[in-house]
Amino acid sequence: MAHELPGWEDLPDADIRLKEINKSLDTIRNLCNHYSDHPHGLYEVYDASGKKLNNNLPLPYLERFHRFFMDRKWTYPYFHPRREGKNLFRLYPPAPQEIKISDGMDSASINYSRNCGDHIHFKNVVNAAARLIYFFSDKNNIAAIMKKQGKDYLSPQDSDVNTLAEQLSYKGGPNNRTFKLMLAAFYHDLGKTVDFHRHGMEGATILANNVMEAVFDLQHIVKVYGEESFDRDDLLYISLLIFYHDQFGTLNTGEAGYLRLVDLIHRIRSFSVKTNIQDQKSQGRCSLFDLWVLNLADIMVSLDGRKFKSQMEYERFAGSQEAIKRFLGQEKSRGLRHDLRVALNLFDEHNIKHHEDDLTALEKSAMKYAKRHIVERIKRLLRCLLVDRGEELQYLFGYSSDVYEIIEKISEFPDSKWNSTISRCIYSEGDYTEFAKRFSWIGQLDYAFVFFNKIVERALFLISEGPNHTNWIIDNSKYDKEYDEKFLARTNAEFFLDNYASTVMQILVHLLFREKEIDRMRNMEFWVAGQRLTNEKIDRILTIEGPFRARRSVQLALESIFIW
């Protein structure tokens, strides 16, 4: 297929390159034709007994689904696309004999296609979702995850956790509810080929904008099984699950704050009132649980570096239930279970008044959780950049003794030290409550990693060049005779953490308070700002010297970076 792509001796303009490449791509986009004679490529539809369905029952988007995954986003075309063609369009890693020794790489390190990994991940999520549905058809398994420190989860309206577990469980085998959840798992990453960073929203848009054809096909399928009818609202419900399919994952990691639950809960409540007025609270609870199960399936197969590898424990039923139990018993699932309980509690509070559309009370309730979560979120950001990358940073700066000591000592700091440092930085910037209110709306904080990582790497580079290159630490050589070496190393680590935490805090405050309160930021878009973050600007930012000592030059530097 690579020979279909153009190559140029003289480089044409970018718009011409893009046009010619896209024209050539049109002849090779539908890659599934290369790997299967089936009219729908790699995807076939079977009924519950394992019998292949007739071709007159196509699953919506089936013909285009593989194309969605295999299409490349050509934001900036290669100078010689043919040279990259094999790696871009192959479905499997190259064989060892295909790799030149001079490349200095093995087959595992070749970026043959990001979409191959996405395709494997998609299959893993579909399999895991099916196994979770079976697992949670047993109400006892739901009751078990509602335990908190040995106590039952009790909603404001329930006296027994078993009542809630019975309500949430997937009773009666395959039905319309489980069918919609499986479709959500099938389509959950559909938007990645539009834009990775907002793929949930883009995937939901794809489904919502193709309503008529999709509803016709899906309604035909459910009638074959004698199920209820499938209508437009059902497809819009699936698009709602896709829109929020990363919600609980971002709460659990601290990437997003609990105020992000406000929009979700209100939309689910409005949807449940619209579709099931007789028992809308039960309907809404089940919808929240369905979304949590979809999140859980996505997270379970994405951990431990296995996201893009086939996971047989979920592909085969045998052993899948034990694998789910092991995951739910791990510490990493504790936050997910906690966030489900929080969401259900908030949903119940929002349903006390049946026709209440005022979100003020819901926001206040969510803020109580969010304020307790703020220091943890910022701590996670700082630790990811300093502690989790410790070995990498030490290697990056040639194992400089000063850098090594700072990273080593910071990694030894207890949570109390991190919490007190971050709290002090927040208080030094003004009103803690107002900062908490604004910061709690921020989602996708992980996009800030690249931005803040540039700052920490620059600060460590200056330290590796010599203590006198930055005012973030002291020069130990002046105090060797007076102070213990370990004391000086710990002092420098504390100074560095104070200065770095203060720098991060002042940047956040600059972003959050530069707008009027009505223009609350819902997303921290550091990606483009990171590209504008030059060493000269970083050096101006690094003049910050810990809490309480901001300079006007830093404010000017930030304004020159964050111009949208």
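Structure: above.
Residues numbered from 1 in each chain as written. Predicted model: local features only at pLDDT ≥ 70, side-chain atom pairs only at ≥ 80, totals over all residues. Heavy atoms only, no water.

Caption draft 1: Quick peek at the overall build of the protein. Counting its secondary structure elements, the protein contains 26 helices and two strands. Here the protein holds 564 residues, and 51% of them are scored as buried. In the protein, the proportion of contacts linking residues at least 24 apart, taken out of those at least 6 apart, comes to 75%. Of the accessible surface of the protein, which amounts to about 27600 Å², a share of 50% is contributed by carbon and sulfur atoms. (Helix = DSSP H or I, 4+ residues; strand = E, 2+ residues; numbered from the N terminus. Buried < 20%, exposed > 50% of the residue type's maximum accessible area, 1.4 Å probe, protein only. Contact = heavy atoms within 4.5 Å. Areas by Shrake-Rupley, 256 points an atom, 1.4 Å probe, with all protein chains shown as cover.)

Caption draft 2: Spotlight on the pattern of salt bridges. Inspection of the entire model under this criterion finds 12 salt bridges. Between E494 and R490 there is a salt bridge whose closest N-O contact spans 3.3 Å. Taken together, the positions of E494 and R490, both in helix α23 (residues 485–513) and four residues apart, correspond to about one turn of that helix. We classify E494 as partly exposed; its relative accessible area is 22%. R490 sits in the partly exposed class, given a relative accessible area of 36%. What you see here is one network of salt bridges that share partners, running through E376, K379 and D415. (Salt bridge = Lys/Arg side-chain N within 4 Å of Asp/Glu carboxyl O.)

Caption draft 3: Layout of the packing of aromatic side chains. Scanning the entire structure with this criterion turns up 16 aromatic pairs. Ring plane angle 90° and centroid distance 5.0 Å describe the contact between F122 and F186, whose orientation is recorded as edge-to-face. Highlighted residues: F122 in helix α4 (residues 114–135) and F186 in helix α7 (residues 176–187), separated in sequence by 64 residues. F186 shares its class with F122; the two are buried. Arranged with centres 5.4 Å apart and planes meeting at 85°, the rings of F451 and F452 form a pair that is edge-to-face. With a relative accessible area of 0%, F452 lands in the buried category. In textbook terms, an aromatic cluster arises when at least three aromatic residues are bridged by ring pairs, as seen for F135, F136, Y170, F289 and W292. (Phe/Tyr/Trp six-rings, centres within 6.5 Å; stacked < 30°, edge-to-face > 60°.)

Caption draft 4: Main features of the nonpolar core. F136, L235, L261, F289, W292, L296 and L328 are the most contacted members of the largest nonpolar core, which has 82 residues in total. Looking at this core element by element, the count peaks at 11 residues for helix α13 (residues 280–300). (Core = buried A, V, L, I, M, F, W, Y, C linked by side-chain atoms within 4.5 Å.)

Caption draft 5: Focus on a nonpolar patch on the surface. Residues Y395, Y399 and Y404 make up a contiguous nonpolar surface patch of roughly 390 Å² in combined accessible area. Mapping Y395 onto the fold places it in helix α18 (residues 390–396). (Patch = residues over 30% accessible without salt bridge, like charges linked within 9 Å, V, L, I, M, F, W, Y side chains within 5 Å.)

Caption draft 6: Spotlight on helix α12 (residues 260–275). Under the 1.5 Å per step criterion, the end-to-end length of α12 is 24 Å for 16 residues, consistent within 8% with the ideal 22 Å. Every buried residue belonging to α12 is among L261, V262, L264, I265, H266, I268, R269, F271 and S272, and all of these are buried. Next to the buried residues of α12 lie α10 (232–243), α11 (247–253), α13, α16 (334–350) and α17 (360–386). (Expected span 1.5 Å × (residues − 1).)

Caption draft 7: A look at the packing of α17 against α23. In the contact formed by α17 and α23, the axes pass within 11 Å of each other and the chain directions differ by 125°. Between α17 and α23, the crossing angle belongs to the class labelled oblique. Seen along the crossing, α17 lies across α23 with a hand that is right-handed. Contacts between α17 and α23 involve I378, L381, L382, L385 and L386 on the former and, on the latter, F496, L497, Y500, A501, V504, M505 and L508. Within the contact of α17 with α23, the residues separate by chemical class into 12 nonpolar, no polar and no charged. (Axes fitted to C-alpha atoms, helices over the stretch in contact; angles between N-to-C directions. Parallel < 35°, antiparallel > 145°, perpendicular 65-115°, else oblique. Left-handed = near helix turned anticlockwise from the far one by under 90°. Nonpolar A, V, L, I, M, F, W, Y, C, P; charged D, E, K, R; others polar.)

Caption draft 8: Main features of the packing of α7 against α13. Direction vectors running N to C along α7 and α13 enclose 35°, while the axes themselves pass 10 Å from each other. Here α7 and α13 pass one another in a crossing that is right-handed. Each of R177, L181, A184 and A185 in α7 lies in contact with α13, whose residues at this interface are C286, F289, D290, V293 and L294. A breakdown of the residues in the contact of α7 with α13 according to their chemical character gives seven nonpolar, no polar and two charged.

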